[in-house]
Amino acid sequence: MTTISRRTVLQGMGVSALATALSGLPVLAQDRTAIRIGYAISKTGPNAAGAGISTTPNYLLWVDDVNKAGGITLSKLGVTLPIEVTEYDDRSTAEETVRAIERLATQDNVDLILPTWGTGANLASGPTFDRFGYPQLAGTAVTDMAPDLVKRWKHSFWMLGGGHDYAEALVALLVKQRDAGTINNKVAIASVADGFGIDLSKAATPAFTEAGFELVYDKTYPLGTSDFAPVISEVAGLGVDTFVAFSYPPDTFALTQQSVVANFSPKVFYLGVGTAFPIYPGIAGPNHNGVMGIGGIDPDSEALAAYFERHTALNGQAPDNWASAVTYASLEILAQAIERVGDIDREAISAEISSGEFDTIIGKVKLVDNQLRSLWTVGQWQDGKFVGLAHTERAGAREPVVPKPAWVPAA
Amino acid sequence: MLFSAILTGLVLGGTYALVAMGLTLQYGVARIMNLAYGDIIIAASFGAFVLFTALGINPLLGMLIVIPAGFALSWLIYAVMLQPLARRSRDRGRLEGDSILATFGLLFVIQGVALVIFGSGFMSYSYLAVPVDILGTTIAANRLLAFGLAITFGLGLWLVLTRTRFGTVIRAVAANPASAPLVGIDVDSVARFAFAIGGALAAAGGVVVSMYLTFSATMGVIFTMKALIVVIMGGVGNLMGALAAGLILGLVETLVASFIDPGLTLAATYLIFLAVLVVRPQGLFGKAAR
């Protein structure tokens with residue numbers, strides 16, 4: 001146990017008082033050599049894999065793109081400045097994220113802070129962003145609470161929709177297939193007993209029932225499950241045409257491989273996070289074709305194709321087909337908002353993000369109540385691309401292929 | 001249905017046993033509570049992945065490279081890092097505490113190196129993912145292989161430990177490291193050897209697991225936790241115990257998932273674990289059988 005002496009406390013108070021006083025000093029234009037952006041991201045721990053696919057590469061790409069183009073113009077100060085980055089590892093814990101954001105805001109005095117990866121961590125860091133008045137552009141948080149959150153935290157922006165968006169879009173798509181007679185009425189759902197799986201299945205179960213589907217299997221499995229043989233063998237015997245798993249990446253891959261081994265090949269095979277990852281075709285081999293999942297992209301967009309190319313060139317890996325483009329678009333929104341305001345005035349930047357219309361790689365977007373409502377909800381692997389089948393605002397990019405091709409057994 | 005569930009369960013249990021056997025040697029004989037154990041497994045998985053995807057060496061042949069590498073690396077880790085700790089502390093409690101702290105640091109070193117080389121993304125390849133039909137139950141060949149290796153290593157090492165002179169020496173060190181020198185046993189070198197064998201087993205587990213599980217640089221702790229449960233349940237330092245405990249866990253998980261609810265597998269695992277701890281705190285095959 002450590003004892004904290006009065007002297008230590010007084011010293012600490014002195015230091016923090018000084019820090020507060022210093023942080024209050026205005027940064028003069030001539031002192032400014034860069035726009036300082038800070039972020040804490042999971043580089044180690046269980047979230048590192050997700051952050052390393054959807055978030056960090058996009059931060060790197062955006063900084064590279066902006067700096068190559070000369071920087072961001074602050075018209076009120078009459079300068080164009082490059083971005084300078086301060087990065088911390090939050091070690092996949094929410095407390096560490098919050099601590100790092102506090103540090104970025106009070107010690108490093110960065111101009112803007114980018115959020116960490118994941119729904120939970122973004123919810124946890126919301127109050128901190130709010131307290132220091134930094135805009136929070138949550139590009140990888142899926143939450144149905146977003147409409148309430150934006151009232152509580154005025155500077156928060158939620159870019160990836162909520163569980164209902166994805167679940168209802170999937171059900172609507174399947175209703176069409178059923179009414180056309182391509183699939184039967186039976187659906188099996190397996191979902192991971194963790195944030196994402198719970199949210200999605202909570203939204204999907206009533207939606208399926210209301211649409212008149214018969215849910216013959218609706219169970220959860222614990223986080224970290226690696227063997228799905230019992231689930232697959234039970235579901236295989238139930239005569240379903242539609243298998244839905246609200247799964248995390250390792251489960252998504254395991255479910256695919258084990259379904260192939262068990263030769264369980266339903267007409268609609270829908271999986272959760274990970275289906276949209278660029279490595280999915282590598283893992284599933286020829287069997288990725290026809291698999292549906294959460295997310296999707298517009299395969300006809302030139303801006304997006306160029307983004308894919310730049311991303312791959314810089315990071316050595318393609319972006320994922322769901323949150324990556326949204327994350328990058330949120331950064332484009334941020335840069336455009338700064339330029340329109342013409343100064344690092346966080347209050348004005350937040351107001352501009354909230355009300356302006358922006359030109360991004362996912363098209364022209366305007367936030368609705370601080371939320372991005374222009375989202376791909378259901379995707380399917382077709383000819384090597386994870387194409388969007390359903391979108392919240394416009395028609396799908398492609399028609400779904402149902403039934404999906406039968407599994408090709410491994411050689 | 002029941003038969004199929006039992007078979008699937010045994011095969012899953014084989015993976016658990018395979019992954020845990022190395023830890024039981026390291027903990028039981030070398031008295032090192034190796035928190036970096038799972039990261040050695042992941043390192044071996046990366047090794048197999050690189051050999052397979054970059055050099056086209058199939059993982060079974062790859063084992064011939066990765067297992068000796070696991071042995072050598074663990075030997076080195078013990079000699080450089082853990083031997084001073086073991087020499088310094090002659091009582092078990094002290095060494096346990098020290099080794100936990102030291103290997104906790106090692107965990108981050110291995111993880112950090114893997115992150116720098118491979119990044120944080122998910123890695124996966126598929127090998128022997130072909131269905132094998134056993135009396136009407138379809139099982140993936142690679143999982144069957146894990147089961148076979150677990151049984152082979154488990155029985156083989158158990159025979160070595162109980163039937164050979166060298167095995168007796170190892171057991172002497174495990175039973176009483178303070179008195180073993182009195183009969184002319186070099187405790188340092190035996191412990192180092194046992195630790196290295198544990199590392200080799202971890203490497204074998206890592207290679208097999210990489211054939212069917214998606215892994216990433218930061219996933220080691222999952223394997224450490226699972227292995228720890230199996231080791232404690234089976235009785236520290238007892239290979240047959242690890243084998244039995246692994247198979248029991250696999251069976252229980254699969255039976256619960258098939259007949260009750262897949263959501264309760266984790267609960268069932270810990271319930272069994274708790275029951276064993278209450279009834280037999282020394283583990284299923286605790287001291288008496290050693």
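Residues numbered from 1 in each chain as written. Chains lettered and ligands numbered in written order. Predicted model: local features only at pLDDT ≥ 70, side-chain atom pairs only at ≥ 80, totals over all residues. Heavy atoms only, no water.

Draft legend 1. Layout of the overall build of chain A. Per the secondary structure count, chain A includes 14 helices and 16 strands. The principal-axis extents of the C-alpha atoms in chain A amount to approximately 70 × 55 × 40 Å. For chain A, with 411 residues in total, the buried portion stands at 55%. Restricting the contact set of chain A to residue pairs at least 6 apart, pairs at least 24 apart contribute 65%. With an accessible surface of roughly 16,400 Å², chain A has 54% of that area assigned to carbon and sulfur atoms. Taking the average location of the 30 positive side-chain charges in chain A and that of its 44 negative ones, the two points are 4 Å from each other. (Helix = DSSP H or I, 4+ residues; strand = E, 2+ residues; numbered from the N terminus. Buried < 20%, exposed > 50% of the residue type's maximum accessible area, 1.4 Å probe, protein only. Contact = heavy atoms within 4.5 Å. Areas by Shrake-Rupley, 256 points an atom, 1.4 Å probe, with all protein chains shown as cover. Lys, Arg positive; Asp, Glu negative; His and termini not counted. Charge placed at Lys NZ, Arg CZ, Asp CG, Glu CD.)

Draft legend 2. Broad picture of the domain arrangement of chain A. Residues and elements named next belong to chain A. The domains assigned to chain A are domain 1 (30-162 + 301-366) and domain 2 (163-299 + 376-388). The C-alpha-based centres of domain 1 and domain 2 are spaced at 30 Å. Contact with domain 1, which involves 14 residues of that partner, is made by 19 residues of domain 2. Counting each side, the surface lost to burial between domain 1 and domain 2 is near 1,400 Å², with a carbon and sulfur contribution of 58%. For the domain 1 face of the interface with domain 2, the top three residues by lost area are D144, N321 and W322, together amounting to 45%. Applying the counting rule to domain 1 against domain 2 returns zero salt bridges. (Domains from an automatic or database assignment. Buried area = accessible area lost by both parts, 1.4 Å probe. Salt bridge = Lys/Arg side-chain N within 4 Å of Asp/Glu carboxyl O.)

Draft legend 3. Representation of the sheet that holds strand β1 (residues 35-41) of chain A. Residues and elements named next belong to chain A. With parallel pairing, the three strands of this open sheet are ordered in space as β4-β1-β5. One side of each edge strand has no neighbouring strand; the edge strands of this open sheet are β4 (83-89) and β5 (112-114). Across the sheet, the axes of successive neighbouring strands diverge by a mean angle of 25°, strand direction being ignored. Both β1 and β5 contribute to a ladder of three bridges, which runs parallel. Note on β5: the bridge partner recorded for G38 is I113. Contacting β1, β4 and β5, helix α4 (residues 94-106) runs over the sheet at an angle of about 145° to β4. (Pairing = 2+ DSSP bridges. Axes fitted to C-alpha atoms, helices over the stretch in contact; angles between N-to-C directions.)

Draft legend 4. Representation of the sheet that holds strand β16 (residues 385-391) of chain A. All names here are of chain A. Here seven strands make up an open sheet; going across it, the order is β9-β8-β10-β11-β12-β15-β16 and the pairing mixed. Each edge of the open sheet is held by one strand with a lone partner, namely β9 (214-221) and β16. Pairwise comparison of adjacent strand axes, ignoring direction, gives a mean angle of 20° for this sheet. Here strand β15 (residues 376-382) pairs with β16 via six bridges, running antiparallel. Note on β16: the bridge partner recorded for W376 is H391. Contacts from helix α7 (residues 163-179) reach β10 (242-246), β11 (268-271), β12 (292-294), β15 and β16, with the element oriented near 55° to β15.

Draft legend 5. Main features of the layout of surface pockets. Of the pockets and cavities examined, the second largest pocket occupies roughly 600 Å³. In this structure, the second largest pocket is lined by 25 residues; those nearest its centre are Q317(A), F118(B), G119(B), S120(B) and G121(B). Elements with a contribution of two residues or more to the lining of the second largest pocket: α2 (48-54), α3 (56-68) and α11 (280-284) of chain A together with α4 (92-118) of chain B. Taken together, the residues of the lining of the second largest pocket break down into 14 nonpolar, 10 polar and one charged. Both domains that meet at the lining of the second largest pocket, namely domain 1 (30-162 + 301-366) and domain 2 (163-299 + 376-388) of chain A, each give it at least three residues. (1 Å grid on protein atoms, 1.4 Å probe; cavity = no way out; pocket = protein on both sides within 12 Å on 5 of 7 lines; lining within 4 Å. Points joined across faces, edges and corners; volume = space filled by probe spheres on them. Nonpolar A, V, L, I, M, F, W, Y, C, P; charged D, E, K, R; others polar.)

Draft legend 6. A look at helix α2 (residues 37-55) of chain B. Residues and elements named next belong to chain B. Between its first and last C-alpha atoms α2 spans 26 Å; for 19 residues at 1.5 Å apiece the expected length is 27 Å, and the two agree. Taken together, the buried positions of α2 are occupied by Y37, G38, D39, I40, I41, I42, A44, S45, F46, A48, F49 and L51. Tucked inside the fold, the buried residues of α2 contact α1 (2-28), α3 (59-88), α4, α7 (187-210) and α8 (220-234). Directly beyond the C-terminal end of α2, a positive phi value near 70° is found at G56. (Expected span 1.5 Å × (residues − 1).)

Draft legend 7. Molecular detail of the nonpolar core. Residues and elements named next belong to chain A. Membership of the largest hydrophobic core comes to 192 residues, with the highest contact counts inside it found for W62, F208 and F243. Both domains that meet at this core, namely domain 1 (30-162 + 301-366) and domain 2 (163-299 + 376-388), each give it at least three residues. Setting aside its immediate chain neighbours within four residues, F208 contacts L170, V171, L174, V187, I189, F213, L215 and V244. (Core = buried A, V, L, I, M, F, W, Y, C linked by side-chain atoms within 4.5 Å.)

Draft legend 8. Structural view of α7(A). Residues and elements named next belong to chain A. Between its first and last C-alpha, α7 extends 24 Å over 17 residues, near the 24 Å set by a 1.5 Å rise per residue. Taking burial as the measure, the 17 residues of α7 include 12 buried ones, the bulk of the element. Every buried residue belonging to α7 is among G163, D165, Y166, A167, A169, L170, V171, L173, L174, V175, Q177 and R178, and all of these are buried. Residues of α7 that are buried sit in contact with α8 (195-210), β10, β11, β12, β15 and β16. Positive backbone phi, at 85°, marks G181, one or two positions downstream of α7.

Draft legend 9. Molecular detail of empty space enclosed by the protein. Applying the stated criterion across every chain yields a total of two cavities of 30 Å³ or more. When its volume is computed, the largest cavity comes out at roughly 80 Å³. Elements that contribute at least two residues to the lining of the largest cavity include exactly α10 (249-261) of chain A together with α5 (141-163) of chain B. If one sorts the elements of the lining of the largest cavity by residue count, α10(A) sits on top with four residues. Partitioning the lining of the largest cavity into residue classes produces six nonpolar, four polar and one charged.

Draft legend 10. Spatial organisation of the interface of chain B and chain A. Taken together, the contact between chain B and chain A spans 31 residues of the former and 31 residues of the latter. Summed over both partners, the interface of chain B with chain A buries about 2,400 Å², with 63% contributed by carbon and sulfur atoms. When the area that chain B buries against chain A is broken down by residue, the three leading residues are S120(B), F122(B) and P262(B), summing to 23%. Here chain B and chain A share one salt bridge between them. Close ionic contact of R143(B) with D227(A) constitutes a salt bridge, the shortest N to O distance being 3.7 Å. Applying the counting criterion to the chain B and chain A interface returns four residue pairs in polar contact (both at pLDDT 80 or more). Of all the secondary-structure elements, those providing two or more residues to the side of chain B that touches chain A are α1, α4, β2 (137-140), α9 (239-259) and α10 (265-279) of chain B. Looking at the side of chain B that touches chain A, its residues break down into 16 nonpolar, 13 polar and two charged. (Polar contact = N/O pair within 3.5 Å; in protein donor to acceptor, adjacent residues only side chain to side chain.)

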